[in-house]
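Chain by chain, the residues run as shown.
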Amino acid sequence: MPDIPVGSQIFDLAFHPTHSTVYTGLLNGKVKAFRYDEQGQHEESFVLRPSKRSCRCLDTSEDGTHLWATGKAKAIFTIDTATGTVIETRKNAHDSPVNRIKRLMPQMLGTGDDDGVIKLWDPRKSNPIRGYTHHYDFISDFLWLDDKKQLITTSGDGTLSVIDVRGKKLEPVAQSEDQEDELLSIVAIRSGSKVVVGTQTGILSVFNRSRGWGDCVDRVPGHPQSIDALCTLPSSYPSSHSTILTGSSDGLLRAVQLFPTKLLGVVADHGSFPIERIAVDLGGEGRWVGSAGHDDTLKMTDLRAIFEDEEGEEAVDESGNVQASDIDPQEPDGAVVETQAPPEGTAAVVETSDSDEDAQDSHSPREKKRKSKSNKNALAVRSKKARNQIDADPSFFQGL
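Okay, so let's go over this structure.

With respect to the pairing of strand β12 (residues 118-121)
At step 1: Burial along β12 is two-sided: the face carrying Ile 118 and Leu 120 and the face carrying Lys 119 and Trp 121 are both buried.
At step 2: Sheet topology places strand β11 (residues 108-113) next to β12; 4 bridges connect them, and they run antiparallel. By the bridge assignment, Gly 112 is partnered in β12 with Ile 118.
At step 3: Adjacent in sequence and paired antiparallel, β11 and β12 are bridged by 4 residues, among which Gly 116 carries a positive phi angle near 85°.
At step 4: When β12 meets strand β13 (residues 128-132), the two strands line up antiparallel, connected through 4 bridges.

Here it is as structure tokens:
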């Protein structure tokens with residue numbers, strides 16, 4: 001799809017959950033909506049300017065009928081997506097400019113501002129449900145864990161916190177130790193069992209929910225600059241459980257596989273402009289990924305063109321049944337591929353097209369494999385020798 005010019009720097013983007021519509025919040029305070037089709041054609045849907053101050057963050061209601069916009073004006077605007085008009089304004093929602101907003105449940109919103117204050121809102125009421133002040137620096141990102149009804153927050157103060165929205169206490173149920181780095185973005189992998197956090201120094205910090213939130217269990221270096229945005233792949237891709245999209249200050253949108261650690265390639269290039277926001281359409285299960293940097297254009301990249309080799313791949317397990325494979329996808333022509341050895345404590349990079357045996361949470365090092373030019377069957381199962389089994393010539397037993 002051709003780049004979508006918007007006329008001003010994009011602070012945030014949000015997709016309609018069911019329709020092919022993308023919303024952008026701009027530096028000049030405008031909110032612009034664009035419709036697009038499968039062929040990559042787009043047209044402007046509506047433009048409005050709820051405030052003269054920058055619109056930093058956006059999110060939609062569950063059915064997509066409402067769009068919430070907020071930012072430097074410290075107010076929360078409710079926009080009717082059908083008419084493109086503001087239908088409600090909550091003035092002075094925060095004492096500082098709002099940096100993040102997220103729909104948690106159909107009747108609950110979460111907002112975080114530049115001073116680290118977090119507030120929960122009922123869209124039907126004008127006053128907040130409650131507020132939290134345990135962070136002392138800006139709120140950078142939110143992650144919602146629906147199974148526990150918990151809101152995970154990252155902050156510029158170097159800590160991650162866990163808020164149980166069902167409780168009435170004005171304190172988090174857990175907060176990490178100081179990671180000595182600004183935490184800028186967050187995403188869940190492995191069906192929510194692990195959480196990946198992007199940092200200012202370009203390191204991916206991995207938290208394991210079963211081991212608590214006190215400290216990360218793994219650190220994956222490799223990005224040359226800060227990781228400002230993270231996003232998961234649609235669940236239709238076999239490697240979605242361990243592959244994420246990362247937006248960095250060097251202007252590159254990368255596809256990174258974890259466990260084992262491997263850089264699959266570059267999805268989009270914003271040149272010298274840092275990438276601030278990335279999102280996948282249709283509630284994260286669509287075809288297009290949108291990325292926004294400090295330039296005046298919205299890039300829409302077709303994920304099918306990047307991961308087309310991954311669709312339809314199959315592997316045969318030991319019982320002879322056919323199952324989806326975790327074989328790494330081939331890179332498209334012109335893609336930049338970067339690989340590096342993972343840090344100590346992480347799995348080694350596997351340089352082969354052989355399918356992994358259903359990725360598990362194992363931190364034991366794996367043997368490096370090299371590509372072979374022989375025409376071996378990649379789907380064949382390698383036989384394993386038992387612990388006490390030996391190789392002996394049958395003639396040895398004839399004289400006994």
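On we go from here.
Describing the sheet that holds strand β27 (residues 288-293)
At step 1: Here we have 4 strands laid out as an open sheet, ordered β1-β28-β27-β26, and antiparallel in their pairing. In the strand order of this sheet, the two ends are held by β1 (4-5) and β26 (275-280), each with one partner.
At step 2: Alignment of β1 against strand β28 (residues 297-302), held across 2 bridges, turns out to be antiparallel. Paired with Pro 5 across the strands is Thr 297, a residue of β28.

Thoughts on the sheet that holds strand β4 (residues 31-36)
At step 1: One open sheet holds the 4 strands; their spatial order is β2-β3-β4-β5, and the pairing between them is antiparallel. Every interior strand has two partners, whereas the edge strands, β2 (10-15) and β5 (42-48), have only one. Neighbour to neighbour, the strand axes of the sheet diverge by 25° on average, direction disregarded.
At step 2: With 6 bridges connecting them, β4 and β5 associate as antiparallel partners. Its bridge partner lying in β5, Lys 32 is registered against Val 47.

Quick word on the packing of aromatic side chains
At step 1: What the rule picks out here adds up to 4 aromatic pairs.
At step 2: Judged by centre distance (6.3 Å) and plane angle (80°), the ring pair of Phe 15 and Tyr 36 falls under edge-to-face. Of the two residues, Phe 15 sits in strand β2 while Tyr 36 sits in strand β4, which places them 21 residues apart along the sequence. The two residues Phe 15 and Tyr 36 agree in class, both being buried.
At step 3: For the pair Tyr 23 and Phe 46, a centre-to-centre distance of 6.1 Å together with 40° between the ring planes defines the contact as tilted. Here Tyr 23 is found in strand β3 (residues 21-26), whereas its partner Phe 46 is found in strand β5, with 23 residues between them in sequence. With respect to class, Tyr 23 is no different from Phe 46; both count as buried.

Here we look at the state of the cysteines
At step 1: Inspection of every chain in the model, using the stated rule, returns 0 disulfides.
At step 2: Of the cysteine sulfurs around Cys 55, a residue in no disulfide, the closest is that of Cys 57, at 6.7 Å.

Regarding unusual backbone geometry
At step 1: The omega torsion of the bond from Phe 259 to Pro 260 falls at 0°, within 30 degrees of zero and hence cis.
At step 2: Note on placement: Pro 260 falls in the loop between β24 (252-257) and β25 (262-269).
At step 3: The phi dihedral of Arg 190 falls on the positive side, at around 55°, and the residue is not glycine.
At step 4: Residue position: Arg 190 is located in the loop between β18 (183-189) and β19 (194-199).
At step 5: The phi torsion at Phe 259 lies on the positive side, around 60°, for a residue other than glycine.
At step 6: Position of Phe 259 among the secondary structure elements: in the loop between β24 and β25.
At step 7: When its relative accessible area of 9% is taken as the criterion, Phe 259 is described as buried.

Criteria and thresholds
Residues numbered from 1 in each chain as written. Predicted model: local features only at pLDDT ≥ 70, side-chain atom pairs only at ≥ 80, totals over all residues. Heavy atoms only, no water. Buried < 20%, exposed > 50% of the residue type's maximum accessible area, 1.4 Å probe, protein only. Helix = DSSP H or I, 4+ residues; strand = E, 2+ residues; numbered from the N terminus. Pairing = 2+ DSSP bridges. Axes fitted to C-alpha atoms, helices over the stretch in contact; angles between N-to-C directions. Phe/Tyr/Trp six-rings, centres within 6.5 Å; stacked < 30°, edge-to-face > 60°. Disulfide = S-S within 2.5 Å.

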